[in-house]
Amino acid sequence: MVHIAEHPSTVTVDITLACHEYEWTKALWDGRIEPEGINLTTVDYTNPERFNRMANYREFDACEMSMGSYLATRSDPEAFPFTAIPLFPSRKFRHAYIYKRVGSGVETLGDLEGRNVGIVNWQTTTGIWQRGIARERHGLDTTQVNWLAAKPEIVDLDAPSYDIDHLDRPGRSLHVVEDMIDAGEVDAVFHPVFLDSENAQRLFERPVETEKQYYRETAIFPIMHTVVLRDSLLEEKPWVPQKLYDAFERAKQQALDRLERPRWSPVIWSGTYAEEQQELIGDDPWEYGLTEWNVNTLETLIEYANEQEVIPEAYDVEDIFETDHVNTREYR
């Protein structure tokens, strides 16, 4: 019997994608971009909920996933039957989101040794980047910090070299962390987003300049999230990852094209900021694929995750991504 492989021109598959509606994924949400052969349904939930629902319940066909949690799943792929394709819909510099408590006496990252520091949980990608940067570039011995985690881990892990207290308090994790600093329980917070508290002050007084200098010295624009697909879908429809990748790429390109004349943005100096961004990082700071630039960034994240005992070994980048059915060369 001759097996005839399905082709997207003759087959349509229904796929539910859980992903945030970023400006560079917006065209997937509003239908301007439709993946060939795919009837795409987009949904969104808060980051911790989305990650948990995919990691522990496999509720979606495809899902934007925390790189930290995804790395934690790679020690047991059979228990977590999904695989990432090299899409990185969320990236963010992280210095601006390290806060100190007003009156704590903390002036530098090195001052945090022996102190209490609030985090969301240990495997949050934000925290992996911030702790790695603090250790490697600012001399903080992260094993000498008392880490107070607002919530349990999404993927179970054991980091015996570190002092981590999981509080598991009710409420959204970000609000729990804010409450910690308001109550004086912590002297600093490593936060994923803006911390809304009059008791908190950014540790780096000029965070944007600090982050620009970090990029000049490292060429790293930290990758936060990737996109995972159920392994059963990869096996049954091996053409899907390429079509989904292409759609993400086209949606991103539409957003980058709009940035050339950013009249849609309410930011007053958006055009000037866009020019500065392009001068520093280039035409496409949201680059997808396992390019040299992205591999360098991912290898650094993996190194940090291994040092912090989020993962048991430093994985090879290509071993944790589906690359057999995703050709990214045309976009490089």
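Since this is a predicted model, take the numbers as computed values, not measurements.

Cut-offs applied
Residues numbered from 1 in each chain as written. Predicted model: local features only at pLDDT ≥ 70, side-chain atom pairs only at ≥ 80, totals over all residues. Heavy atoms only, no water. Axes fitted to C-alpha atoms, helices over the stretch in contact; angles between N-to-C directions. Helix = DSSP H or I, 4+ residues; strand = E, 2+ residues; numbered from the N terminus. Parallel < 35°, antiparallel > 145°, perpendicular 65-115°, else oblique. Contact = heavy atoms within 4.5 Å. Nonpolar A, V, L, I, M, F, W, Y, C, P; charged D, E, K, R; others polar. pLDDT = per-residue confidence, 0-100. Buried < 20%, exposed > 50% of the residue type's maximum accessible area, 1.4 Å probe, protein only. Phe/Tyr/Trp six-rings, centres within 6.5 Å; stacked < 30°, edge-to-face > 60°.

Focus: the packing of helix α4 (residues 125–138) against helix α10 (residues 292–307)
Consideration 1: Two numbers describe how α4 lies on α10: the axes approach to 9 Å, and their chain directions differ by 85°. When the axis of α4 is compared with that of α10, the two are roughly perpendicular. Residues Thr125, Ile128, Trp129, Gly132, Ile133, Arg135 and Glu136 of α4 pack against Thr297, Thr300, Leu301, Glu303, Tyr304, Ala305 and Glu307 of α10.
Consideration 2: Residues that form the contact of α4 with α10 fall into these classes: six nonpolar, four polar and four charged.

Description of the confidence of the model for the chain
Consideration 1: Summing up the model confidence of the chain, the mean pLDDT is 93 and the portion of residues at 70 or higher is 95%.
Consideration 2: A low-confidence stretch, residues 1–5 stays under pLDDT 50, and its non-local contacts, those more than four residues away or across chains, total zero contacts.

Description of unusual backbone geometry
Consideration 1: Positive phi values are uncommon outside glycine, yet arginine 58 reaches one of about 50°.
Consideration 2: Among the secondary structure elements, arginine 58 is positioned in the loop between α2 (47–57) and β3 (62–66).
Consideration 3: Residue arginine 58 is classed as partly exposed on the basis of its relative accessible area, which comes to 27%.

Quick word on the side chain of histidine 95
Consideration 1: Inspection of the secondary structure assignment puts histidine 95 in the loop between β4 (82–85) and β5 (98–101).
Consideration 2: With relative accessibility at 4%, the residue histidine 95 sits in the buried group.

Looking at the packing of aromatic side chains
Consideration 1: Here the structure, examined in full by the defined rule, presents 16 aromatic pairs.
Consideration 2: Relative to phenylalanine 82, the ring of tyrosine 70 lies with its centre 6.4 Å away and its plane at 35°, an arrangement referred to as tilted. Placement of the pair is tyrosine 70 in helix α3 (residues 67–73) and phenylalanine 82 in strand β4, with a sequence separation of 12 residues. In this structure, tyrosine 70 and phenylalanine 82 share a single accessibility class: buried.
Consideration 3: Ring centres 5.3 Å apart and planes at 65° place the aromatic pair phenylalanine 221 and tryptophan 286 in the edge-to-face group. Of this pair, phenylalanine 221 sits in the loop between α6 (207–218) and β11 (225–230) while tryptophan 286 sits in the loop between α9 (270–281) and α10, and the two are 65 residues apart along the sequence.
Consideration 4: Looking at phenylalanine 221, the relative accessible area reads 7%, which means it is buried.

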